[in-house]
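Residue-level listing of the chains:
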Amino acid sequence: MSLKLRLILIVNLLLFFAIFIGFFSVVFTSKNAVRSEIESSLKLAEFAIKTGIQKNPDLYLFQDNLLGLKDLDQIRHLSILLVDSNGSVMDQNKNLDSEVHVPSWFQNALNIYSKDLKTMDFPLMQFGDQIGTVKVIPNPIYEYNEIWQQFKNGL
C-alpha cells in the first residue's frame, strides 16, 4: 500500500471517528436538555390544571363541557386531552406547526438514551361525579427537530 493511500485512509478514519464522537456527544447532551424542557412544561401544566381546572371545574365546564384546549396551539411540548368518562376525546390542543422532519433513526437514538416521560392524568369532578380526565402527554418531537437542525448545521 502506498504512502499516499495510507495517509488518505488514516485521515478518513480520523474524520469518521470525530463525526462518530460528535454524534454521540450531541445525543448525550441533548437528552438532558429535552428532558428538562419537557419536565418544566409538565410541571407548569400540572400546576395550571390542579390550581385552575380541578379546583373550579364548574367555572370551566359550565358552557359546553370544553376547556378551550384548542386555543393552546402554541404549546409544543405537550399534548393535552380532555377525555370524557366513556373514553372519547372531547377537547384537545393541536399544534399548528406540524412541519417536523426528523429522521426516525435520529429519533430512535435520542429515545434509546432517555428515560420515558410519563403521561399525567387529572380526574375532573363536577358536583361530586367524575365527568372526565385531563391527560397530559409529553411530546418531545419538536425538541428533537431543533436538535436535528443544529446537528445538520454542524455537519
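Residues numbered from 1 in each chain as written. Predicted model: local features only at pLDDT ≥ 70, side-chain atom pairs only at ≥ 80, totals over all residues. Heavy atoms only, no water.

A word on the overall build of the chain
We apply this condition: Elements are defined by DSSP. Helices are runs of H or I of four residues or more, strands are runs of E of two residues or more, and each kind is numbered from the N terminus. Should any heavy atoms of two residues lie within 4.5 Å, those residues are considered in contact.
Helices and strands together make up the secondary structure of the chain, namely four helices and four strands. In the chain, the succession of α and β elements from N to C terminus is α-α-β-β-α-β-β-α. Put simply, of all contacts in the chain between residues at least 6 apart along the chain, 65% involve residues at least 24 apart.

Concerning the environment of Q92
The following threshold applies: When accessible area is computed with a 1.4 Å probe and restricted to protein chains, residues below 20% of their type maximum are described as buried, those above 50% as exposed, and intermediate ones as partly exposed.
Inspection of the secondary structure puts Q92 in strand β2 (residues 89–92). Relative accessible area serves as the criterion here: at 28%, Q92 is assigned to the partly exposed category. Separated by 10 residues in sequence, Q92 and L82 have C-alpha atoms that sit 6.1 Å apart.

Some details on the packing of aromatic side chains
The following threshold applies: Each Phe, Tyr or Trp ring (for Trp, its six-membered ring) is paired with any other whose centre lies within 6.5 Å, and the angle between the two planes then decides the class: stacked below 30 degrees, edge-to-face above 60, tilted in between.
Using the criterion set out here, one finds four aromatic pairs in the structure. Centre to centre, the rings of W105 and F106 are 5.9 Å apart; their planes meet at 85°, and the pair counts as edge-to-face. Here the aromatic rings of F106 and W148 are separated by 5.0 Å at their centres, their planes lie at 55°, and the arrangement is tilted. Residue F106 is located in helix α3 (residues 104–112), and its partner W148 is located in helix α4 (residues 141–154); the two are separated by 42 residues in the primary sequence.

Quick look at the pairing of strand β3 (residues 120–126)
Our working definition: Note on pairing: two strands pair once DSSP finds at least 2 bridges between them.
By the alternation rule, side chains of β3 split into M120, F122, L124 and Q126, which are all buried, and D121, P123 and M125, of which none is buried. As judged from the seven bridges shared by β3 and strand β4 (residues 129–138), these two strands associate in the antiparallel manner. Each bridged residue has a counterpart across the sheet, and for M125 the counterpart in β4 is Q130. In textbook terms, the turn of a hairpin is the stretch between consecutive antiparallel strands, and for β3 and β4 this stretch comprises two residues, one of which, F127, has a positive phi near 55°.

Looking at the nonpolar core
Quick reminder of the rule: Throughout, nonpolar core names a set of buried Ala, Val, Leu, Ile, Met, Phe, Trp, Tyr and Cys residues whose side chains join them through atoms within 4.5 Å.
Core analysis: the largest hydrophobic core is formed by 26 residues, its most contacted members being F106, V134 and V136. Counting residues per element, the ones that place at least two in this core are α1 (3–53), β1 (78–84), α3, β3, β4 and α4. The dominant element in this core, judged by the number of residues it contributes, is α1, at seven residues. In this structure, V136 is in contact with L42, A45, I49, L78, S79, I80, K118, T119, M120 and F122, ignoring residues within four places of it in sequence.

Some words on a nonpolar patch on the surface
For the record, the criterion: Distance thresholds for patches are 9 Å for like charges and 5 Å for nonpolar side chains (Val, Leu, Ile, Met, Phe, Trp, Tyr), applied to residues having over 30% relative accessible area and no salt bridge. Calculation of accessible area relied on Shrake-Rupley with a 1.4 Å probe; when residues are assessed, cover is drawn exclusively from the protein chains displayed. Salt bridges are defined as contacts in which a side-chain nitrogen from Lys or Arg sits within 4 Å of a carboxyl oxygen from Asp or Glu.
Judged by side-chain polarity, M1, L5, L9 and L13 come together as a nonpolar surface patch covering roughly 430 Å² of accessible area. Residue placement: L13 occurs in helix α1. According to the relative accessible area criterion, L13 is exposed, its value standing at 53%.

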